[in-house]
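Structural overview
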Amino acid sequence: MKAAVMYQQAELPQYAEVPEPLVQSDRQVLVSVKAAAVKQLDRGMARGKHYASGPSSGDKGRVPGSDGICLLPDGRRVYAIGMSGMLAEKAVVDRDRIVPVPDALDDVTAAALPNAVFGAAMALTFKAGIRAGDVVLINGATGVTGRVAVQLAKYYGAGRVIVTGRNRASLESLRALGADEIIVIAKEDETFKAQLALIHTASPIDIVIDYLWGHTAEMILAGVKGNGSFTNRIRYVSVGSMAGDQITLSAAILRSVDLQLTGSGMGSWSKQQVRQALSELLPEMFALAAEGKLKVDTVTVKLEDIEKLWDQEIPGGHRLVVTI
């Protein structure tokens, strides 16, 4: 079969002929892959830079791609999490980790959504416990997952959604998806801090969903610091670290505000939450997308073009999807 193959970590994948993966147990099934999204997760794991990366495959090569849309042997179209790489004509998947795809939802959109849904819905529901009327700040909202988070925050009943990012035009476009207020991450820290302080004073922030971390997280946490009076409870959820993996956190912030600081990602979810994400959250989101109520922008490429397009600069807020 044909596949995208990484022969050494940190190198570009090659379009190559490789043996079909083998089914190892009754829990597994060989599927025909139709489309697979290329996420930061996939790039990071292929390069050995993600915390969930396995050891290098060396000369044997590794087929990247963690999930995708595929056909079961009986012809049913499903989303599946791969036990082998999904950027290939065939893949082995776990029978317990498949989700039916509505007929009205195309392969490309269906492939692009799940990672963003996991990064947004699981953070908002399982980690932040979003309630109707909550004021939600989404830090780094112009990426694919951030844009989905804006839509889902409104879907779950957020009273106000505040978004941050570096590109003003991209932030302004989020108003059509449900954003109520934007904060541009400017070179001058004080401008960002002052706008955040005004917003937090007028409408106290209940939830922060953070896709950037780094210095922007330091500014947000400093902005919600209390002064000794009673504060509202803030559920701060770290989902990504595009702006840096480390922060400096003042103990005074932790003591001055009712703050719940947690993360949302592989390893932080319980088995029950993962089961619920596959059995309830994702089917619900697929249905919304099929009805045109949940949107994701994509750029598509063919598997045979993967080598030259793997590191292609994709327009902000778009997901690269490989069709097979």
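Below, the structure is looked at part by part. As the structure is a prediction and not an experimental result, all values here were calculated from the model. (Residues numbered from 1 in each chain as written. Predicted model: local features only at pLDDT ≥ 70, side-chain atom pairs only at ≥ 80, totals over all residues. Heavy atoms only, no water.)

Helix and strand counts for the protein come out as nine helices and 14 strands. Taken against the 2.2 N^0.38 rule, which gives 20 Å for 324 residues, the C-alpha radius of gyration of the protein at 20 Å falls within 12% of a compact globule. For the C-alpha atoms alone, the extent of the protein along its principal axes is close to 65 × 40 × 35 Å. Restricting the contact set of the protein to residue pairs at least 6 apart, pairs at least 24 apart contribute 69%. Of the roughly 14,800 Å² that the protein leaves accessible, carbon and sulfur atoms contribute 50%. Placing the 35 positive and 35 negative side-chain charges of the protein at their respective mean positions leaves the two points 3 Å apart. (Helix = DSSP H or I, 4+ residues; strand = E, 2+ residues; numbered from the N terminus. Rg over C-alpha atoms; globule rule 2.2 N^0.38 Å. Contact = heavy atoms within 4.5 Å. Areas by Shrake-Rupley, 256 points an atom, 1.4 Å probe, with all protein chains shown as cover. Lys, Arg positive; Asp, Glu negative; His and termini not counted. Charge placed at Lys NZ, Arg CZ, Asp CG, Glu CD.)

In the structure shown here, the tally under the stated rule is four aromatic pairs. Aromatic pair tyrosine 79 and phenylalanine 286: ring centres 6.5 Å apart, planes at 75°, arrangement edge-to-face. Linking tyrosine 79 in strand E5 (residues 77–82) with phenylalanine 286 in helix H8 (residues 271–290), this pair joins segments that are 207 residues apart in sequence. By the burial criterion, tyrosine 79 is buried, and phenylalanine 286 matches it. (Phe/Tyr/Trp six-rings, centres within 6.5 Å; stacked < 30°, edge-to-face > 60°. Buried < 20%, exposed > 50% of the residue type's maximum accessible area, 1.4 Å probe, protein only.)

Further remarks concern the environment of tyrosine 79. Given the relative accessible area of 1%, tyrosine 79 is considered buried. With near-sequence residues (within four places) excluded, tyrosine 79 lies in contact with Asp67, Gly68, Ile69, Arg97, Ile98, Val99, Val101, Pro114, Phe118, Leu278, Leu282 and Phe286.

As a further point, take the pattern of salt bridges. Scanning all chains against the criterion turns up 15 salt bridges. A salt bridge links arginine 77 to aspartate 107, with the shortest nitrogen-to-oxygen separation between them at 2.7 Å. A residue pair is termed long-range when its members are at least 10 positions apart, and arginine 77 in strand E5 and aspartate 107 in helix H2 (residues 107–127) qualify at 30 residues. The partner of arginine 235 in a salt bridge is aspartate 134, and the shortest N-O contact between them spans 2.7 Å. Here arginine 235 is found in strand E11 (residues 234–238), whereas its partner aspartate 134 is found in the loop between H2 and strand E7 (135–139), with 101 residues between them in sequence. Judged by its relative accessible area of 4%, arginine 235 falls in the buried class. (Salt bridge = Lys/Arg side-chain N within 4 Å of Asp/Glu carboxyl O.)

Moving on, we come to the nonpolar core. Of all hydrophobic cores here, the largest spans 57 residues; its most connected members are Tyr79, Val136, Leu152, Val163, Ile209 and Phe286. Of all the elements in the fold, those that place two or more residues in this core are strand E3 (28–38), H2, E7, helix H3 (144–155), strand E8 (160–165), strand E9 (181–184), strand E10 (207–210) and H8. Top element by residues in this core is H2. It accounts for 13 residues. Leave out the neighbours within four places in its chain, and phenylalanine 286 touches Tyr79, Val99, Pro100, Val101, Pro102, Leu105, Ala110, Leu113 and Pro114. (Core = buried A, V, L, I, M, F, W, Y, C linked by side-chain atoms within 4.5 Å.)

Scope: geometric values only; no functional claims are made or implied.
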